[in-house]
Amino acid sequence: MADYLNLAGWLAALAQTVLFVAIAPLFANWVKRAKCTLQNRRPPPWLQPYRDLRRLFGKEVVLAHTASHVFRIAPYIVFGTAVLAASIIPFILAEIPFAAMADAIVLVGTLALGRFFLALAGLDVGTSFGGMGSSREMTFAALAEPAMLMVVFTLAMLASSTNLSTVVGFFLEQPLALRPSLLFGLLALLLVGIAETGRIPVDNPATHLELTMIHEAMILEYTGRHLALMEYASQLKLAIYAVLTVNLFLPWGISRTLDPASVGIAVLALTAKLAVLGALLALAETLVAKMRLFRVPTFLAVAFTLSLIGMLSFIMLEGH
Amino acid sequence: MFEFSPAMLVYAAVCSTLAGGFASLFADRWPAVQKFLVFPLLGLSGVVSIAACLAALSGAPAVTDELALGLPWLQWHVRLDSLSGFFLGVIGLITLAVSAFGPGYVREYSNSHYSLALLGVMTALFVAGMQLVVVADDAFAFMVAWELMSVASYFLVAFEHEEAANRRAAFLYLLMAQVGAILILLSFGVLAAHGGDFTFAAMRHAGLTPLWAAASFGLGLLGFGMKAGIVPLHVWLPEAHPVAPSHISALMSGVMLKVAVYGFIRLVFDLLGDPHWSWGVVVLAVGSVTSLYGVLYALVQHDLKRLLAYHSVENIGIIYIGLGLALIFFSANLPAFGVLGLIAALYHTLNHALFKSLLFLGAGALLQHGHERDLEHMGGLIRRMPWTALFFLIGCLSISALPPFNGFVSEWLTFQTALQATTLESGVLRAVIPISAAVLALSGALAATCFVKVYGVAFLGQARSRKVRHAREASHGMVLAQAVLACLCLLFGVLPTTTVEFLSRISVDLTGFGVTAATRQGWLWLTPIAPEVASYSAPLVLLGVLLALGAWAAVYFSSRKRRLVQPLPRRDAWDCGFGPLTPRMQYSASAFAMPIRHIFRPAWRLHEEKVREMDPQLSTRPLQLRYLMHADDLSWQYFYLPVERFVQGAARRVGRIQTGHLRHYLAYSFFTLIALLWLIT
Amino acid sequence: MTAYADLPLIEQLIRTFAALILVSSFALLAQARVVAAIQVFAWQGFLLSALTALVAWNSGLPHLYISAVLSLVLKALFIPWLLIRQSRRLGILRDFDAVIRPGLTLMAAGTLVIFCYNVVIPVREFTQIVTRDAIAVSLALVMISLLMLITRRKAITQVVAFMSLENGLFFAAVTATQGMPMVVELGIAFDVLIAAVIFGVFFFHIRDSIETLDVDQLSRLREMDE
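Because the structure is a prediction, the values reported are computed rather than measured.

Remarks on the nonpolar core
Grouped together as the largest cluster of nonpolar side chains are 427 residues, with contacts concentrated most on Phe 142, Trp 146, Phe 188 and Tyr 455 of chain B. Element by element, the count of residues in this core is highest for helix H13 (residues 335-370) of chain B, at 20 residues. When residues no more than four places from it in sequence are discounted, the contact partners of Phe 188 of chain B are Ala 139, Phe 142, Met 143, Phe 200, Met 203, Phe 224, Leu 267 and Leu 271 of chain B. Grouped together as the second largest cluster of nonpolar side chains are six residues, Ala 12, Ala 13, Ile 96 and Phe 98 of chain A included.

Topic: the packing of helix H5 (residues 135-151) of chain C against helix H6 (residues 155-177) of chain C
All names here are of chain C. The interhelical angle for the contact between H5 and H6, taken along N-to-C directions, is 165°, at an axis separation of 8 Å. Taken together, the axes of H5 and H6 lie roughly antiparallel to each other. In this structure, H5 crosses over H6, and the sense of that crossing is left-handed. Counted by class, the contact of H5 with H6 contains 15 nonpolar, eight polar and no charged residues.

Here's the deal with the interface of chain B and chain A
Frequently, the measure chosen for interface size is the accessible area removed from exposure when the parts meet. With 76 residues of chain B at the interface, the matching set in chain A holds 74 residues. Area buried by chain B at its contact with chain A is led by Trp 552, Arg 570 and Tyr 587 of chain B, which between them contribute 10% of it. At the junction of chain B and chain A, the tally comes to zero salt bridges. At the boundary of chain B with chain A, the tally comes to 20 residue pairs in polar contact (both at pLDDT 80 or more). If you list the elements that add at least two residues to the side of chain B that touches chain A, you get helix H14 (381-384), helix H15 (386-399), helix H16 (406-419), helix H17 (427-458), helix H21 (538-562), strand E3 (570-571), helix H22 (589-592) and helix H23 (594-599) of chain B.

Section: the interface of chain C and chain A
Contacts between chain C and chain A engage 29 residues on the former and 21 residues on the latter. Buried area between chain C and chain A, summed over both chains or domains, comes out near 2000 Å², and the portion from carbon and sulfur atoms is 76%. The largest share of the area that chain C buries against chain A comes from Tyr 4, Ala 5 and Tyr 117 of chain C, three residues that together contribute 26% of it. Summed over the shared surface of chain C and chain A, the number is zero salt bridges. Summed over the shared surface of chain C and chain A, the result is two residue pairs in polar contact (both at pLDDT 80 or more). With 11 residues, helix H1 (residues 9-30) of chain C is the single largest residue contributor to the side of chain C that touches chain A. Within the side of chain C that touches chain A, the residues separate by chemical class into 20 nonpolar, four polar and five charged.

Comments concerning the side chain of Glu 411 of chain B
Residue and element names in this part refer to chain B. Mapping Glu 411 onto the fold places it in helix H16. Of the side chains with opposite charge, Lys 356 comes closest to the buried, unpaired Glu 411, at an N-O distance of 11 Å. Dropping the residues within four chain positions of it, Glu 411 is found in contact with Ile 318, His 348, Ala 401 and Gly 444.

Brief notes about unusual backbone geometry
The amide bond that connects Ile 200 of chain A to the next residue, Pro 201 of chain A, takes the cis arrangement and shows omega of 10°. For Pro 201 of chain A, the location among the structural elements is in the loop between helix H8 (180-196) and helix H9 (215-218). Cis peptide bonds are those with omega within 30 degrees of zero, and the linkage from Pro 403 of chain B to Pro 404 of chain B qualifies with 0°. Here Pro 404 of chain B shows up in the loop between H15 and H16. Non-glycine residue Asn 40 of chain A carries a positive phi angle of around 60°. Mapped onto the elements, Asn 40 of chain A comes out in the loop between helix H1 (7-38) and helix H2 (48-58). Of the residues examined, Asn 40 of chain A reaches a relative accessible area of 75% and is grouped as exposed. If you check the backbone angles, Asn 333 of chain B has positive phi at about 65° while not being a glycine. Of note, Asn 333 of chain B is situated in the loop between helix H12 (304-331) and H13. What makes Asn 333 of chain B exposed here is its relative accessible area of 64%.

A few points about the pattern of salt bridges
All names here are of chain B. Here the structure, examined in full by the defined rule, presents 17 salt bridges over all chains. Between Asp 81 and Arg 79 there is a salt bridge, and its shortest N-O distance comes to 2.8 Å. The residues Asp 81 and Arg 79 share a single accessibility class, namely buried. In the salt-bridge network here, residues are joined through shared partners; they are Arg 79, Asp 81, Arg 204, Arg 266 and Asp 270.

A closer look at helix H19 (residues 476-494) of chain B
Its 19 residues place the ends of H19 of chain B 27 Å apart at the C-alpha level, agreeing with the 27 Å of an ideal helix rising 1.5 Å per residue. Residues Met 478, Val 479, Ala 481, Gln 482, Ala 483, Leu 485, Ala 486, Leu 488, Cys 489, Phe 492, Gly 493 and Val 494 of chain B constitute the buried set of H19 of chain B.

Some remarks on helix H2 (residues 32-57) of chain B
Residues and elements named next belong to chain B. Its 26 residues give H2 an end-to-end C-alpha distance of 37 Å, which sits within 8% of 38 Å, the value for a rise of 1.5 Å per residue. The axis of H2 is deflected most strongly, by about 25°, at Pro 40. Positive backbone phi, at 105°, marks Gly 59, one or two positions downstream of H2.

Some remarks on the packing of aromatic side chains
Residues and elements named next belong to chain B. Applying the stated rule across the entire model yields 44 aromatic pairs over all chains. Measuring from centroid to centroid gives 5.9 Å for Phe 22 and Phe 26, while their planes differ by 85°, and the two rings are edge-to-face. Looking at Phe 22, the relative accessible area reads 53%, which means it is exposed. On the basis of relative accessibility, which here comes to 38%, the residue Phe 26 falls in the partly exposed class. For the pair Phe 86 and Phe 87, a centre-to-centre distance of 5.2 Å together with 80° between the ring planes defines the contact as edge-to-face.

Calculation notes
Residues numbered from 1 in each chain as written. Chains lettered and ligands numbered in written order. Predicted model: local features only at pLDDT ≥ 70, side-chain atom pairs only at ≥ 80, totals over all residues. Heavy atoms only, no water. Core = buried A, V, L, I, M, F, W, Y, C linked by side-chain atoms within 4.5 Å. Buried < 20%, exposed > 50% of the residue type's maximum accessible area, 1.4 Å probe, protein only. Helix = DSSP H or I, 4+ residues; strand = E, 2+ residues; numbered from the N terminus. Contact = heavy atoms within 4.5 Å. Axes fitted to C-alpha atoms, helices over the stretch in contact; angles between N-to-C directions. Parallel < 35°, antiparallel > 145°, perpendicular 65-115°, else oblique. Left-handed = near helix turned anticlockwise from the far one by under 90°. Nonpolar A, V, L, I, M, F, W, Y, C, P; charged D, E, K, R; others polar. Buried area = accessible area lost by both parts, 1.4 Å probe. Salt bridge = Lys/Arg side-chain N within 4 Å of Asp/Glu carboxyl O. Polar contact = N/O pair within 3.5 Å; in protein donor to acceptor, adjacent residues only side chain to side chain. Lys, Arg positive; Asp, Glu negative; His and termini not counted. Expected span 1.5 Å × (residues − 1). Bend = angle between axes of the 7 residues up to and from the residue. Phe/Tyr/Trp six-rings, centres within 6.5 Å; stacked < 30°, edge-to-face > 60°.

Here is the structure:
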């Protein structure tokens, strides 16, 4: 850890975090565009999410009579934890000092902190929709947690570390190998990511006023900059899960030095990987229909079973 | 020549507690005694206990002493080592907080006909009993102090004795406590029989055969588990904790359960010697089941104190998971990781004491000023009781294991220990430990769900009953007590390195091994195994959260300055355009937990009742709908009822020899005499 | 012992297929719909034949290729086709055979896998062939099929479970001893084929005599209750 705890390392990590936060809406928009193209609709312009955010930041904030301080603090905490989580994960540079600040389990904890406040905000105004969203969000997050942890465990057992930078470094140094444990870990993480970021078939990010909505129900009462922060945080969360998936399981191309050439390659590689993942997500969302609410536990049980088989096959089949 | 020894601090603490108890004898005549003498003395005892804890943890060797108490030939042995010092410190912290909380809380009783003197005396005896248990160095003193603790707490549970339910709960508690005490006594008996003496020093050298060691371990696990509340021996907890006065609930849940954990650690890690790996697996399994069971039952409760009691069960499970991992690693001869498990368990012990006491004190404040224990009647209390709401939120965040609070650190350490399962030889253990870690993750996430429910329903939204709508903020002392505990929750969450260093000393004393790598990178980084394996920097995570709060504060105050008179505009809630909000439209606690109830349905036996009153004119339109739900503990059905049936059956069979004929009884004596004579020849 | 990443690709592939077969058995256990269960069973047969071909390639044993082709034709194509055809004619193709306590069943299956792993540890010491790691998976496959047999009610899903059990035995033979003698293998393959046909005939008879294919109802045939 100590060898990259120098000033340049910190600055580079900071710059990387800023970049992450800056491009997160772009990735969300890429998914949206790909989906529109697939469904023969006209896609929104590339910079549409930024325009939306600017518009929302400029609007007046209106509070419900029953809203308390929790309601006003929550957007900042939700957004702050998302930024914190974004700063931890290897993005363009593999080895960043921020990764030593918090390992994979802290990452899960940080996201859970944001979710806690998001759910409280949903309950705060006292509407039925908000409570409904909070209740569902917390339930499904709780069910996703064991699968997520099992994936972390499989990775950590393999690389004997929970430090995300070390894990990425380990995979880069290893010769390329086909590991069943990683295969199932990847699948499980994809399923967990879909559930946690509220994509189809668990939740539909594009609709309001549907009886099965989860995330949108919690933020119904938000306006102005509060709503902007909430929307931004959910775009960040999508980008976090996407980057985590591609960089942990397909780390090739990520830069291990600050050398401009390798950073350039890393940017290109990451763009390509994210573009493919985004397109795949859009394809899946086009092909699959939204699930009935009480099918979601089954969906998450599949994720857990896959992660469990991943862990077991690591122990049984890769025990060398 | 007077020589200072840390043992003096212990005596001073106990004496101060007992003096408080004595003073409270006059509390019925002069109620001011409570405020100016009883609780200050209790607080003093807490401070002195903390001092003793610091003295014991400062690296000084263990102090032993003999007291000329008890029977003339059976003196009480006292020993203050780092383990007892640590638990003394936990007792001291909570006692201190309770002494600040108490005066405001017991004022409520001065108008009732319950005796304040009894409450004071029993509280003092209870605390003194706990303080003595952790320093006792022989089985005799231990059991006397243990019984003092149990019996005194029985009176406290039964304090509001006019309600039959309370008397029943107290009786159940006493019964379980006594059965547990007998099992502990038997466990010590096994050790004493082989060690030749009742002192712990002799027991350490008992040199038990594996079979006897396993017997002693099993008895100890059950005996201490009854007090600690492992499943299925936990049933007294959700009955007894809600009915005791709230500051006593804080002591019972925060401290007394920890004293049971102390007893278990003392027995297994200190007295019994080398553990067997199967013990670790048993403890791990018990811990996993207990934590999941506890949180699942907590989720379906709507009585706040009962819910908190079930969360105590969950947290005891987490502590036992840590202990089980420690046992597995020690028996596999990997002490470096075993130590980590032990430290994780001790850390969680401290954390649970802090946040659970905080939450019980908060519940006490709600009970006194909102007159409500039922979540379904609360709501909107954040506006009526802002300080209590703030500290309760910190308690909720801590117990939900969210960074940067203390609950997260100990669960993180437990996960890190579990991750080291790859180093184990046995493939089965390597596969089983991650599964139990997944159970831990599930129960942690469910706990967060549960506390979103508690906080959202109790403090946010609109008030659901008239009494709650007119609640007042708690008195200064009560708020202060919560503030202290909340700050400690944050402090122990942000400075884990220092804490782990202290806890490492306990482990060195007990097992001869400590952690070396955990704090090597300085106070900023907690690296339990090695920096490249895992690291956590709580201060930096706190910094991140504070930056987010700072952004809010900046926006908040700048907007205040710009529009001095105009705060943010307030309108009716949008709510997708539905009509104006009423309190009845809010999600209730039962509604919030409904998806969980649906998914984990087989875990409970739910009694649901829907009462529907129809409009006489229009038979399809209901006038009023009422929904009642309560969950029966499955352990009654599957554990206690079969046991009861078996005991009844056995009693009936044994009862047959009671014929009532004098000649039969004479015949029994006659045959017994002959059998005995035959035996001794 | 070499590190996993240094193993030749073919050996990694064999292990990956073994793990995929394990997944297919979990999927089979959790499948409630008859048609889906048969499809998963077909996939399992396909994976098994692919694995056999890989083992044949790796060990250079030509007779394993025949086994691979045989299992592809029989288990991945013919028997599923037969089962689907029969189900359609019986009108039970879209039927639902509810899994009892799915969570608990899956947990039990996980426990079985760990148990099997524990059981075969001594076996692993004796053998040096590349597939020894997969022996535990083959045993687990047998055990999970047995679990499926005792948790299902419908005769058709029980037959699928029985066939999957045979898959496990075949898998064990391939991994533990590089396949059984050709004669034995051929014999078993035709046994299974005949069994599938006979089961089909039996379905009709059972349905004709007691008007259901729910095996719980078969207890009515006991003489005591008459």
